[in-house]
Amino acid sequence: MALRDDEQRRLAEIERRLSEEDPRLARRLAHLGSAYLSRSIVTFVALCACFVAGLALVAAGTQLRFWPVSVVGIVLAVGVPTVVTWRVWLRGPR
């Protein structure tokens, strides 16, 4: 459904004032309509995938009775998420 001309003008004026008053908020709102994923969401999903893959390697290493596979799984499930979380925590909020 298309907007009428006066509604489009009012909306354009609101957008212009918002961009002048709070450019940071205007940039964040511009990303809302796009297929934008924040870095924190991507990081969280990657850490979950890393954890699950690590658990699978631990289980496989246990089944095969081959301890190096289990060690790699433990590092992947515990070590990588710990290091990434530590680095994010040290960087602080943005």
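Structure: see above.
**Student:** Is there a simple way to explain the overall build of the chain in this structure?
**Tutor:** Tallying secondary structure elements over the chain gives 4 helices and 0 strands in all. Walking the chain from its N terminus toward its C terminus, one meets helices and strands in the order α-α-α-α. The long-range share in the chain, meaning contacts at least 24 apart out of those at least 6 apart in sequence, stands at 38%.

**Student:** Honestly, the environment of alanine 60 in this entry has me stumped. Any pointers?
**Tutor:** Looking at where alanine 60 falls in the secondary structure, it is placed in helix α3 (residues 39–64). The partly exposed category is assigned to alanine 60, whose relative accessible area is 32%. Sequence separation of alanine 60 and serine 70 is 10 residues, and the distance between their C-alpha atoms is 7.2 Å.

**Student:** In this structure, what is going on with the packing of aromatic side chains? I would like to understand it.
**Tutor:** Each aromatic ring pair is characterised by the separation of its centres together with the angle its planes make. This model, assessed by the stated rule, comprises 1 aromatic pair. Seen in terms of ring centroids, tryptophan 86 and tryptophan 89 are 5.2 Å apart; in terms of plane orientation they differ by 40°. Their pairing is tilted. Of the two residues, tryptophan 86 and tryptophan 89 both sit in helix α4 (residues 67–91), 3 residues apart, roughly one turn of that helix.

**Student:** So what exactly am I meant to see when it comes to the environment of valine 72 here?
**Tutor:** Within the secondary structure layout, valine 72 lies in helix α4. In sequence terms valine 72 and leucine 57 are 15 residues apart; their C-alpha atoms lie 7.2 Å from each other.

**Student:** Explain the environment of valine 88 here, please?
**Tutor:** Structurally, valine 88 is set in helix α4. Each C-alpha atom, one on valine 88 and one on serine 40, is 9.4 Å from the other, the two residues being 48 residues apart in sequence.

**Student:** I keep staring at the pattern of salt bridges and nothing clicks. Help me out?
**Tutor:** Proximity of charged atoms lets side chains of opposite charge pair with each other. Considering all chains together, one arrives at 6 salt bridges under this definition. The salt bridge involving aspartate 6 is made with arginine 4; its shortest N-O contact spans 3.6 Å. On the basis of relative accessibility, which here comes to 31%, the residue aspartate 6 falls in the partly exposed class. For arginine 4, a relative accessible area of 52% corresponds to the exposed category. Arginine 4 is paired through a salt bridge with glutamate 7; the nearest N and O atoms lie 3.4 Å apart.

What counts and how
- Throughout this document, residue positions are counted from 1 along each chain, in the order its sequence is written.
- Totals for whole chains, interfaces and linings use every residue, but because this is a predicted model, local features are given only for residues with pLDDT of at least 70 and side-chain atom pairs only at 80 or more, for both listing and counting.
- Derived side-chain values reflect all non-hydrogen atoms in the structure, with water molecules and hydrogen atoms excluded from consideration.
- Strands are runs of DSSP state E lasting at least 2 residues, helices are runs of H or I lasting at least 4, and numbering of each runs from the N terminus.
- Note on contacts: a residue pair is in contact if any heavy atoms of the two residues lie within 4.5 Å.
- To sort residues, take the accessible area from a 1.4 Å probe on protein chains only and compare it with the maximum for the residue type: under 20% means buried, over 50% means exposed, and anything in between is partly exposed.
- Here is the rule: rings of Phe, Tyr and Trp (six-membered ring for Trp) pair when centre to centre is within 6.5 Å. Planes less than 30 degrees apart are stacked, more than 60 are edge-to-face, and the remainder are tilted.
- Whenever Lys or Arg places a side-chain nitrogen within 4 Å of a carboxyl oxygen from Asp or Glu, that contact is recorded as a salt bridge.

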